[in-house]
Amino acid sequence: MRELESLRRHYGGHIPGLLGARHSYAVLCPLVERPDGLHLLYEVRAAALHRQPGEVCFPGGRMEAGETPEQCALRETEEELAIPRREIEILGKPDFICNQAGFLMQPVLGLVSAAGFAAMAPSSAEVGTTFTAPLSFFRQTPPEQYAYALLPEVPGDFPYEHVGIPADYRWDRGRVEIPIWYWQGHAIWGMTARLTQDIARHLE
C-alpha cells in the first residue's frame, strides 16, 4: 500500500522535534577556566544588527538541514568568535527551551581550551564585545525574577458548537519567567539567563 510505505519511509528514520516548529536554533554555552574558577563566556550582539542589537547572548544560530545541535553550535562559535572547534570539548546538552514564538533553542555545554580562548577574535559584523562571568556569581546571587502571562485570543467566529465545547470554555494560559542578572554593566536576561540558571543549578 502506497500510503503505508510513505509513512514507513518518513517515520522509520525520523528524529522527533517540536511539532509545528518553524525553526530550531542551537547555542554554545562556553565555559572557560579563569584564575578564580570556571566562567561562562558571553557575547554582546553588535549594534548594527537588525534583531536584538546590544543584547547579551551565547554564540549560536539557526540549525542548517541535517545539522546536529553540536555541529551548529561549534560552527556558529567559530564564525562569530573564531574559536576553532577543535579547541572546544563538548560536555553535554542541557535542557532545551521551547519558545512561545514556535521554535526550539537547543543549548550545548562546552569547555573552551586556553588556546581557544586566546585565539578568540570576535566578528565585528555580529559581535560588539565579549565578557566572562564566574559561575560562582550565578550560584551565589539569585536573579531578579519577572514574569508575563500568555493569554489566549480566540477568534470571535470559533465554532464552539461544532467541536463540542461551550462558548465559555477555559482555554489554557501560559506564563513565561524572565530572570535577570547584572554583571559589570551587562544585563544577562531572557533565554540566555534561563540557560545560565540551569547550568548554575547543577553545580556542587
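Whatever comes next refers back to the structure up there.
Residues numbered from 1 in each chain as written. Predicted model: local features only at pLDDT ≥ 70, side-chain atom pairs only at ≥ 80, totals over all residues. Heavy atoms only, no water.

A. Structural context of the pairing of strand 10 (residues 174-183). Bridge count for strand 9 (residues 144-150) against strand 10 is 7 bridges, and the pairing is antiparallel. What sits directly across from Y148, in strand 10, is V176. (Pairing = 2+ DSSP bridges. Helix = DSSP H or I, 4+ residues; strand = E, 2+ residues; numbered from the N terminus.)

B. Broad picture of the sheet that holds strand 10. With antiparallel pairing, the 3 strands of this open sheet are ordered in space as 9-10-11. Of all the strands in the sheet, just strand 9 and strand 11 (186-189) have a single pairing partner and so form its edges. Averaged over all pairs of adjacent strands, the angle between their axes in this sheet comes to 25°, without regard to strand direction. Sitting on the sheet, helix 6 (residues 190-201) touches strand 9, strand 10 and strand 11, and the angle it makes with strand 10 is about 80°. (Axes fitted to C-alpha atoms, helices over the stretch in contact; angles between N-to-C directions. Contact = heavy atoms within 4.5 Å.)

C. The arrangement of the nonpolar core in detail. Core analysis: the biggest nonpolar cluster contains 24 residues, and L40, Y42, F138 and I188 have the highest contact counts within it. Elements with a contribution of two residues or more to this core: strand 1 (23-34), strand 2 (37-45), strand 7 (103-112), strand 8 (127-134), helix 4 (135-140), strand 10 and helix 6. When residues in this core are grouped by element, the largest group, 4 residues, is from helix 6. Non-local contacts of I188, meaning those with residues more than four positions away in its chain, are made with Y42, V56, F131, F138, P179, I180, W181, W183, A193 and T196. (Core = buried A, V, L, I, M, F, W, Y, C linked by side-chain atoms within 4.5 Å. Buried < 20%, exposed > 50% of the residue type's maximum accessible area, 1.4 Å probe, protein only.)

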